[in-house]
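# Inside the fold
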Amino acid sequence: MIWRFDIHEALASTSDFCRGRAQAGDDQGLVVLAKEQSAARGSRGRSWTTGKGNLAFSFVCRIPENSTFLQALPFLTAVALYEGMTACLPASFSTEKHFTLKWPNDLLLHQCKMAGILIETGYNEAHQWAVIGIGANLKNAPKLPDRRLACFADLATPPDAEECARKIVHSFDRWKKEWEEKGSSVVHQAWLSYAHPIGTRLAVQGRDTYKTGMFSGLDAQGHLLLTLDNGDVIPVVTGDILCE
């Protein structure tokens, strides 16, 4: 795919800007990057702060008709994010695994959240589309009272935001082609290779529930499989995943 970068000094939200363009028909290959965002969104309505030097961009992807692409999209994007960030490490850097994916598509650095993904969908007159928003702490991480966040600078000299975005969409292209040729299972396997290992103790925080157990992989739809302490295996469709 030929990616067209539209770079702004500041926007309220790259995803909102992208969504307006997608609704107007610009639904393939558009990348919108802002050096600062004032009204960014995270998952479940949370706010996401984008400071100078951090990464804030969104891109538009056309959804193939009659396919499972939407089910695979969170995992495909997470794999692309992981590989893009890894590609930004200096060539001489340790090959030790520093980044980890947390279900379904958060990127952790040494078990602290460093980047996240928000996927929104819609239609224009011709196609269904998805806007994929990615925010990553490159130079600095916000201070929050209830959780620790990380930034790329904790590990190595942070990359330029546009360079980082280009690496991510390049990897996204590659994995989209893999999905087209081999289906969702190959995407899930790649995601599993970058995620917390099978057997990791996890907690799942729902709106009114809290369950603990061992991570046991993904089912065919990409739901997290959690083995409870009584031996039952349950699929997790939604919820906050916490490493115990």
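For the structure, check the block above.
## What about the overall build of the chain?
Counting its regular elements, the chain contains four helices and twelve strands. Since a compact globule built from 244 residues should have a radius of gyration of about 18 Å, the 18 Å found for the chain is in line with a globular shape. Each principal axis of the C-alpha distribution contributes one length, and for the chain these read about 50 × 45 × 40 Å. Going through the 244 residues of the chain one by one, you find that 52% of them count as buried. A separation of at least 24 residues holds for 63% of the contacts in the chain among residues at least 6 apart in sequence. As displayed, the chain offers around 11700 Å² of accessible surface, 50% of which is attributable to carbon and sulfur atoms.

## Here we look at the side chain of Thr227
Examined against the element boundaries, Thr227 turns out to sit in strand 10 (residues 224-228). Separated by 2.5 Å, the side chains of Thr227 and Ser216 make a polar contact. Not counting the four nearest positions on each side in its chain, Thr227 is found in contact with Gly213, Met214, Ser216, Asp232 and Val233.

## Here we look at the sheet that holds strand 4 (residues 99-102)
As summarised here, the arrangement of the seven strands in space is 1-2-3-7-6-5-4, forming an open sheet in which the pairing is mixed. A single partner strand is all that each edge strand has here, and the edge strands are strand 1 (4-8) and strand 4. Neighbour to neighbour, the strand axes of the sheet diverge by 20° on average, direction disregarded. Of the pairings in the sheet, the one linking strand 1 to strand 2 (residues 30-34) comprises five bridges and is parallel in character. Opposite Arg4, over in strand 2, you have Leu30 as the bridge partner. Running over the sheet, helix 2 (residues 69-87) touches strand 3 (55-62), strand 4, strand 5 (106-109), strand 6 (112-123) and strand 7 (128-136) and is turned about 140° from strand 6. Helix 3 (residues 161-182) rests against strand 1, strand 2, strand 3 and strand 7 of the sheet, and its axis sits at about 30° to strand 3.

Rules used in this analysis
- Residues numbered from 1 in each chain as written.
- Predicted model: local features only at pLDDT ≥ 70, side-chain atom pairs only at ≥ 80, totals over all residues.
- Heavy atoms only, no water.
- Helix = DSSP H or I, 4+ residues; strand = E, 2+ residues; numbered from the N terminus.
- Rg over C-alpha atoms; globule rule 2.2 N^0.38 Å.
- Buried < 20%, exposed > 50% of the residue type's maximum accessible area, 1.4 Å probe, protein only.
- Contact = heavy atoms within 4.5 Å.
- Areas by Shrake-Rupley, 256 points an atom, 1.4 Å probe, with all protein chains shown as cover.
- Polar contact = N/O pair within 3.5 Å; in protein donor to acceptor, adjacent residues only side chain to side chain.
- Pairing = 2+ DSSP bridges.
- Axes fitted to C-alpha atoms, helices over the stretch in contact; angles between N-to-C directions.

Interpretation in functional terms is not warranted from these geometric data alone.
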